[in-house]
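# Structure at a glance
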Amino acid sequence: MPTTELAIGGMTCAACAARIEKKLNRLDGVEASVNYATEKARVVFPPSLVVADLIATVEQTGYTAATVTAPEPAAAAADPLAAARQRLLVSAALAVPVILLAMVPAWQFESWQWASLTLAAPVVVWGAWPFHRAALRNLRHASASMDTLVSVGTLAAFLWSLYALFLGDAGMPGMRHPFELTVSRGAGADAIYLEVAAGVTVFILAGRYFEARAKRRAGAALRALLELGAKDAAVLAPDGTEHRVPVEQLAVGDRFVVRPGEKIAADGVVLDGTSAVDASMLTGEPVPVDVGPGDAVVGGCVNAAGRLVVRVSRTGADTQLAQMARLVEEAQSGKADVQRLADRIAAVFVPIVIGLAVATLGFWLGSGGSVAAAFTAAVAVLIIACPCALGLATPTALLVGTGRGAQLGILIRGPEVLESTRRVDTVLLDKTGTVTTGRMSVLDVRGHADTLRLAAAVEHASEHPIATAVAAAVPDRPAVSSFSSHAGHGVSGIVEDRTVWVGRPSFLAAQGLTPLDPSVGAPEGAGTVVAVGWDGAVRGLIAVGDTVKPTSAEAVRRMRDLGLRPVLLTGDAEPAARAVAAEVGIDEVIAGVLPAGKLDVVRRLQAEGRVVAMVGDGVNDAAALAQADLGLSMGTGTDAAIEAGDLTLVRGDLTAVPDAIRLSRRTLATIKGNLFWAFAYNLAAVPLAAAGLLNPMIAGGAMALSSAFVVANSLRLRRFH
């Protein structure tokens, strides 16, 4: 079914998001998820509906909606916080004198109460207008939100103050007003609460502003990804001339030049030149990578050294940078199960709070308290119970955690992945391309001193992977003539007037060459043994094999430190697999497994009660990655493997696996900590407010601080290493 993303306007708390989500999900066949932190809705809908129907449904709920085309880089967008900052600063400048006059009786001059009214009125009317407007909108749709609580609370305090000033005794010259942290039962028509109305407005405006700023900081990693791309490219024409064009005009097959210090404009393959490429913003790996003709490069990386000519292989939305940004945004707009629980609570919390406030009012009036005291206690309940922190607990942690992951080259596909990482106890590691480099190289040479040099000369004319590895081991090779390839057996050629044979030992024996003296010994390494001979005898042996990545042993050690059990899973033969496992410190090996067999191994371990993570990079790993409880795909691997994984590790380094699991667990722990404090705060504070132990202004400050605490706790994830 088609999927769309809508930018939602007018949401002010988690209850708003829950209400929009509920309304959309009532449509036949629609599955919607609304995220308060990202202010977006992800909607899957049947073909019988169009996007305009979804937008109309959101608008009927009292909010705005528009389709999201592509996320804008930060530089292109106007400052969305400017209006909120101006409203906060003006309101604070007017409210501070009102609060000080109320709190310090010694400063209360003749008719100070009228000066307070003059200063407080603009704050309550203009400063709090966003709350009043949202409350009116909610009223029209027979609903309530946090804004309803704030609007009713501040207006109640302000209107009571007007009553006391104009119809009571509070307007009399010489009136003095002591400040108390709790509600006084004797308060009556001589008490004004202008400092409550103005102070609560400023506290909540401040909370909203810092919350919005923190959400932008939390999403900074995604914007940084979007800004990584080059703006233009020097395209190379067939006649060798260069002309600069915007990257949007690049097409697959175009050739472009990248000079030292420039960004690579699009994904492609190096045609000419050698250089070191800094891919740290994509992979989190600080060491530049050497590239030359035939090597793939990724758009957004910086060319650190030489001049490169690159042929475009992917552009626009198909580039790795665009795919990373899309994965990050999809993860940030999703919801974990704990967030869905919080949303359900937030949706019913506001009506419950209003009911509690009415009950508090009734209790105080029924127990002999004054009308003013009853109103004050009820206002404190309304203000302190706002479920803001509850709504921010999960999305902010998810925003920061996934964003930090992207900076480190770890792409978390969705929030449900976080819950999987907590339970994982077994990690299956594919060998080739995951634990090893996936490229053949010379491991050991035995015999005559010229063995490798002469073999490299002959192998240079062959395209076999083993031949390529042997040839690469000797850059300054002698020339070869009369080259012959004997398919499946070996090669031969004349080098320095000698006929040199290279291939299987059995092949050289069939050519009549006498075997190598056994005293020379077999070459070390778990690779393929190649025999080299000339002048009628085998003169040496070369072991060629896949080399282990230098960080693999460290990665396995870190996995064990996390309580994980690593298992090597490979289609290779048992001896080669055992040798690699011993080198990196893995005890358990499952070798000789076909792609379908990898899937069966995952299922068998799951049937034994294990919670399995699978790490792989090839098409043959895709089914096992999808079946595993947690699939980690190496970003250097195939698109099929990357699509099947829950986590994508952009850098082809196995140490990214324990890093990814640690980051996921840390993010989940932060979410749980946030939710605990959000629940505990409301459960503890509401009874205190109802009992009259909290002045409404103190309640407003505490409510703002609870949201600030949750956001600040989430932002600690930015320091994850």
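Thresholds applied
Residues numbered from 1 in each chain as written. Predicted model: local features only at pLDDT ≥ 70, side-chain atom pairs only at ≥ 80, totals over all residues. Heavy atoms only, no water. Helix = DSSP H or I, 4+ residues; strand = E, 2+ residues; numbered from the N terminus. Buried < 20%, exposed > 50% of the residue type's maximum accessible area, 1.4 Å probe, protein only. Contact = heavy atoms within 4.5 Å. Areas by Shrake-Rupley, 256 points an atom, 1.4 Å probe, with all protein chains shown as cover. Patch = residues over 30% accessible without salt bridge, like charges linked within 9 Å, V, L, I, M, F, W, Y side chains within 5 Å. Salt bridge = Lys/Arg side-chain N within 4 Å of Asp/Glu carboxyl O. Core = buried A, V, L, I, M, F, W, Y, C linked by side-chain atoms within 4.5 Å. Pairing = 2+ DSSP bridges. Expected span 1.5 Å × (residues − 1). Axes fitted to C-alpha atoms, helices over the stretch in contact; angles between N-to-C directions. Parallel < 35°, antiparallel > 145°, perpendicular 65-115°, else oblique. Nonpolar A, V, L, I, M, F, W, Y, C, P; charged D, E, K, R; others polar. Phe/Tyr/Trp six-rings, centres within 6.5 Å; stacked < 30°, edge-to-face > 60°. Lys NZ or Arg CZ within 6 Å of the ring centre and 35° of its normal. UniProt positions renumbered as here; feature names shortened; annotations may be inferred.

### Quick look at the overall build of the protein chain
The helix and strand tally for the protein chain stands at 25 helices and 26 strands. When burial is assessed residue by residue, the protein chain has 54% of its 721 residues classed as buried. Pairs at least 24 residues apart make up 69% of the contacts formed inside the protein chain by residues separated by at least 6 positions. For the protein chain, the exposed surface amounts to about 29,900 Å²; the carbon and sulfur share of it is 60%.

### So, a nonpolar patch on the surface
Nonpolar side chains collect at one region of the surface, where V96, L100 and W107 lie side by side and expose about 290 Å² of accessible area between them. Take L100: its relative accessible area is 36%, and that puts it in the partly exposed class.

### Observations concerning the nonpolar core
In terms of nonpolar packing, the biggest core is built from 48 residues, with L429, L568 and L632 touching the most fellow members. Considering each element in turn, this core owes the most residues, eight residues, to helix α24 (residues 656–690). With sequence-adjacent residues up to four places away left out, L429 is seen in contact with V435, V556, M559, P566, V567, L568, L569, I586, V615 and L654. Listed in part, the 38 residues of the second largest apolar core include I8, V43, L49 and L149.

### What to know about the pairing of strand β25 (residues 630–634)
Side-chain direction in a regular strand flips from residue to residue, so the side chains alternate between the two faces of the sheet. With five of five residues buried, β25 is to be regarded as a mostly interior element. Of the two faces of β25, the one holding L630, L632 and M634 and the one holding G631 and S633 are both buried throughout. Here four bridges tie strand β24 (residues 612–616) to β25, and the two strands are oriented parallel to one another. Considered in β25, the bridge of G616 is made with S633. Sheet analysis places β25 next to strand β26 (residues 647–649), joined by three bridges and oriented parallel. Bridging across to β26, L632 finds its partner in L647.

### A few points about helix α5 (residues 129–140)
Between the first and last C-alpha of α5 there are 17 Å, a value that for 12 residues agrees with the 16 Å anticipated at 1.5 Å per step. A142 sits one or two residues past α5 and shows a positive phi near 55°.

### Thoughts on the packing of helix α12 (residues 371–384) against α24
Where α12 meets α24, the closest approach of the two axes is 8 Å, and the angle between their N-to-C directions is 170°. Accordingly, the angle class assigned to the pair α12 and α24 is roughly antiparallel. Taking contact as the criterion, the partners of A377, A380, V381 and I384 in α12 are, on α24, Y681, N682, A685, V686, A689 and A690. Within the contact of α12 with α24, the residues separate by chemical class into nine nonpolar, one polar and no charged.

### Quick look at the sheet that holds strand β17 (residues 481–486)
Picture the strands of a sheet paired through backbone hydrogen bonds; they go either parallel or antiparallel. Read across the open sheet, the six strands follow the order β16-β21-β20-β19-β18-β17; overall the sheet is antiparallel. Each having just a single partner strand, β16 (436–447) and β17 make up the two edges of the open sheet. Across this sheet, the average inter-strand angle for adjacent strands is 20°, counted without regard to direction. In terms of strand pairing, β17 meets strand β18 (residues 490–495) through four bridges, oriented antiparallel. The residue of β18 that forms the bridge with S484 is S492.

### Comments concerning the packing of helix α19 (residues 552–561) against α24
In contact at an axis separation of 8 Å, α19 and α24 are set at 30° when each is read in the N-to-C sense. Considered as vectors, α19 and α24 are oriented roughly parallel to each other. From α19, A555, R558 and M559 reach across to α24, where they touch V657, P658 and D659. Looking at the contact of α19 with α24 residue by residue, the classes come out as four nonpolar, no polar and two charged.

### Description of the sheet that holds strand β1 (residues 3–9)
In spatial order, the strands read β2-β3-β1-β4; together these four strands make up an open sheet with antiparallel pairing. Whereas interior strands pair on both sides, the edge strands pair on one side only; in this sheet they are β2 (31–35) and β4 (64–67). Mean inter-strand twist for the sheet, computed between neighbouring axes without regard to direction, equals 25°. Note: β2 against strand β3 (residues 40–44), five bridges, orientation antiparallel. Note on β3: the bridge partner recorded for S33 is R42. Along the sheet face, helix α2 (residues 51–60) touches β1, β3 and β4 and points at about 160° away from the line of β4.

### What to know about the packing of aromatic side chains
Tallied over the full model, the rule gives five aromatic pairs. Ring centres of W501 and F507 lie 5.9 Å apart, and the angle between their planes is 65°; this geometry places the pair in the edge-to-face category. We note that W501, like F507, is buried. Through a chain of ring-to-ring contacts, three or more aromatic side chains come together here, namely F676, W677 and F709. Just above the ring of W126 sits the side chain of R87; from NZ or CZ to the centre is 4.8 Å.

### What about the pattern of salt bridges?
Applying the stated criterion across every chain yields a total of 20 salt bridges. Among the salt bridges present, the one from E554 reaches R557, with a minimum N-O distance of 2.6 Å. Remark: R557 and E554 occur in helix α19; sequence separation between them is three residues, near one turn of the helix. E554 gets classed as partly exposed once you look at its relative accessible area, which sits at 30%. Within this structure, E554, R557, R558, D561, D659 and R662 form a network of salt bridges that share partners.

### A closer look at the UniProt feature "transmembrane region" (unreviewed entry) in the protein chain
Per the UniProt entry, the sites bearing "transmembrane region" (unreviewed entry) are residues 88–106, 112–129, 149–171, 191–210, 345–365, 371–394, 674–691 and 697–715 in this numbering. Span residues 88–106 is 84% helix and 0% strand, its end C-alpha atoms 28 Å apart.

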